[in-house]
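# Notes for the structure review
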Amino acid sequence: MKKLASWMFAAILLCGFSVNAQAQTQLRYEYGTKNEVAISIGYITNTQVLNVFSELSEVIGSTFVTGLATGGHYVGYSTYDDNSYVPSFSVEFFHHLKPWLSVGAIGCLNYYSNDMYCNWQDNNGNTTKEKVGKGEKCFATLMPAVKFDWLRREHIGLYSKLAIGATYSYEKEVQDNSRGEKDLNSESEFMINFQATLIGFEAGSEKVRGFAEFGMGEQGVLSAGVRVKF
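So, a few notes on the structure that sits alongside this text. (Residues numbered from 1 in each chain as written. Predicted model: local features only at pLDDT ≥ 70, side-chain atom pairs only at ≥ 80, totals over all residues. Heavy atoms only, no water.)

### Notes on the nonpolar core
Core analysis: the biggest nonpolar cluster contains 6 residues, these being F94, I106, C108, M143, A145 and A163. Those elements that place two or more of their residues in this core are strand 4 (101-122) and strand 5 (127-152). Not counting residues within four places of it along the chain, the set of residues in contact with I106 comprises V91, E92, F94, T141, L142, M143, A145, K161, A163 and Q219. (Core = buried A, V, L, I, M, F, W, Y, C linked by side-chain atoms within 4.5 Å. Buried < 20%, exposed > 50% of the residue type's maximum accessible area, 1.4 Å probe, protein only. Helix = DSSP H or I, 4+ residues; strand = E, 2+ residues; numbered from the N terminus. Contact = heavy atoms within 4.5 Å.)

Put into structure tokens, the structure is as follows:
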């Protein structure tokens, strides 16, 4: 009977140590890291949706290309084609105030370019579409942000983010063709911007993880990247 009681006591102690070890491990993964840095690329950003080059109509679409040259002249307004862009590139930093709450900042960079075209009419009345220049737009964004961690575990995590800040935009149009080159216009401005990440999922080691996010804003509707925790 004493032997049985001893074995039972030993088993209870062993279970207690095991539960305590698991609790300590869980505690470490939930509270162990205080800071994190991430880089990502995103698609379908606010500036892609709201500031596509069609909105340059205020700058160049209303500018009649009047470059005259021997043998003909430009007819009509300039138009844009051959759109190209670099996916939104983001860098972010967060510091944990609580296991579920972090504060930090997000920086984003977007770039777009378009070729400009106009109709060229020679002295015989023949009209052809000709590339006459290029338009470029660059957006640099900085946003204070908060992050809410719904799940923090050893190898996975779930979270949401909310950020609001300002975007500096710079745009430039250059006429550049066989009949001459000149700057047509350049403008810059500031505007309010934001990021609302509805759900983010991360997986990997305790310190380095890949992640994917879904939401809307300057980081994009869909984004993915790598995060380092320390």
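That was the structure; now back to the text.
### A short note on the side chain of S223
Its place among the elements puts S223 in strand 9 (residues 222-229). Other than its neighbours up to four places away in sequence, S223 contacts I41, G42, F211, A212 and E213.

### Examining the pairing of strand 9
It is a general feature of regular strands that their side chains alternate between the two faces of the sheet. By the alternation rule, side chains of strand 9 split into S223, G225, R227 and K229, which are all buried, and L222, A224, V226 and V228, of which none is buried. In the sheet, strand 1 (residues 35-43) pairs with strand 9 via 8 bridges, with the strands oriented antiparallel. Within the sheet, the bridge partner assigned to V37 lies in strand 9 and is V228. Taking the residues that link successive antiparallel strands as the turn, the strand 8 (residues 208-217)-strand 9 hairpin has 4 residues, and the phi of G220 there is positive, at about 110 degrees. (Pairing = 2+ DSSP bridges.)

### What to know about the pattern of salt bridges
Taken as a whole, this structure holds 12 salt bridges when the rule is applied. The salt bridge partner of E213 is R227, with a shortest N-O separation of 3.6 Å. With E213 in strand 8 and R227 in strand 9, this pair connects stretches of sequence that are 14 residues apart. Residues E213 and R227 agree in their burial class; the two are buried. Residues participating in the shared-partner salt-bridge network are E36, E92, K147, K161, E202, R209, E213, R227 and K229. (Salt bridge = Lys/Arg side-chain N within 4 Å of Asp/Glu carboxyl O.)

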